[in-house]
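Overview (structure and organization)
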Amino acid sequence: MNWILLHTESQLEDIKIKSADRPQVIFKHSTRCSTSAVVKGRLERAKEPEAIDFYYLDLLNYRPVSNRISDVFRIDHQSPQVLLIRNGECVYDESHMGITMDEIVNAAAA
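This text gives an overview of the structure that appears in the document. Because the structure is predicted, anything quoted here is derived from the model rather than measured.

Examining the pattern of salt bridges
In this structure the tally under the stated criterion is 3 salt bridges. Among the salt bridges present, the one from Arg 22 reaches Asp 53, with a minimum N-O distance of 3.2 Å. Residue Arg 22 is located in the loop between helix H1 (10-18) and strand S2 (24-29), and its partner Asp 53 is located in strand S3 (residues 53-58); the two are separated by 31 residues in the primary sequence.

This is the structure:
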């Protein structure tokens with residue numbers, strides 16, 4: 001998995017802009033949560049789609065960025081959580097064990 005590290009609030013504007021051309025995924029990960037570790041491992045073992053950019057947020061080290069994500073994309077905070085951004089909007093979000101690469105790919109194709 002070629003994660004793009006998400007660590008500044010200004011990157012959220014870049015994600016919105018890029019989402020006009022290709023889906024952008026944000027994975028919010030808690031390094032202290034075993035469920036989050038399982039989900040991260042599952043994503044990393046799956047075949048990575050070439051047409052989607054994947055951002056990784058260590059939400060414990062970058063809590064302000066995590067809070068800003070909730071504000072910008074109007075979603076409730078979860079951990080772990082994935083958000084699929086298309087045309088500047090969150091069009092899909094899932095949390096905990098509901099996170100799978102197949103679901104992300106399906107949502108991106110919808």
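Quick notes on the pairing of S2
Extensive coverage of S2 is indicated by the burial of 6 of its 6 residues. Bridge count for S2 against S3 is 6 bridges, and the pairing is parallel. Bridge assignment links Gln 24 to a residue of S3, and that residue is Asp 53. In this fold, S2 hands off to helix H2 (residues 34-45), which returns the chain to S3; that crossover is right-handed.

A closer look at helix H3 (residues 63-73)
For H3, every residue scored as buried is listed here: Val 65, Ser 66, Ile 69, Ser 70, Val 72 and Phe 73. Of the residues trailing H3, Arg 74 is marked for its positive phi of about 55°.

A word on the nonpolar core
Note that soluble globular proteins tend to have their nonpolar side chains buried in a common cluster. Membership of the largest hydrophobic core comes to 16 residues, with the highest contact counts inside it found for Val 25, Phe 27, Leu 43, Phe 54, Val 82, Ile 99 and Ile 104. It is helix H4 (residues 101-109) that provides the largest number of residues to this core, a total of 4 residues. Counting 15 residues, the second-largest nonpolar core is a separate cluster that includes Ile 26, Leu 59, Val 72 and Ile 85.

Conventions adopted
Residues numbered from 1 in each chain as written. Predicted model: local features only at pLDDT ≥ 70, side-chain atom pairs only at ≥ 80, totals over all residues. Heavy atoms only, no water. Salt bridge = Lys/Arg side-chain N within 4 Å of Asp/Glu carboxyl O. Helix = DSSP H or I, 4+ residues; strand = E, 2+ residues; numbered from the N terminus. Buried < 20%, exposed > 50% of the residue type's maximum accessible area, 1.4 Å probe, protein only. Pairing = 2+ DSSP bridges. Right-handed = clockwise from strand over helix to strand, strands pointing away. Core = buried A, V, L, I, M, F, W, Y, C linked by side-chain atoms within 4.5 Å.

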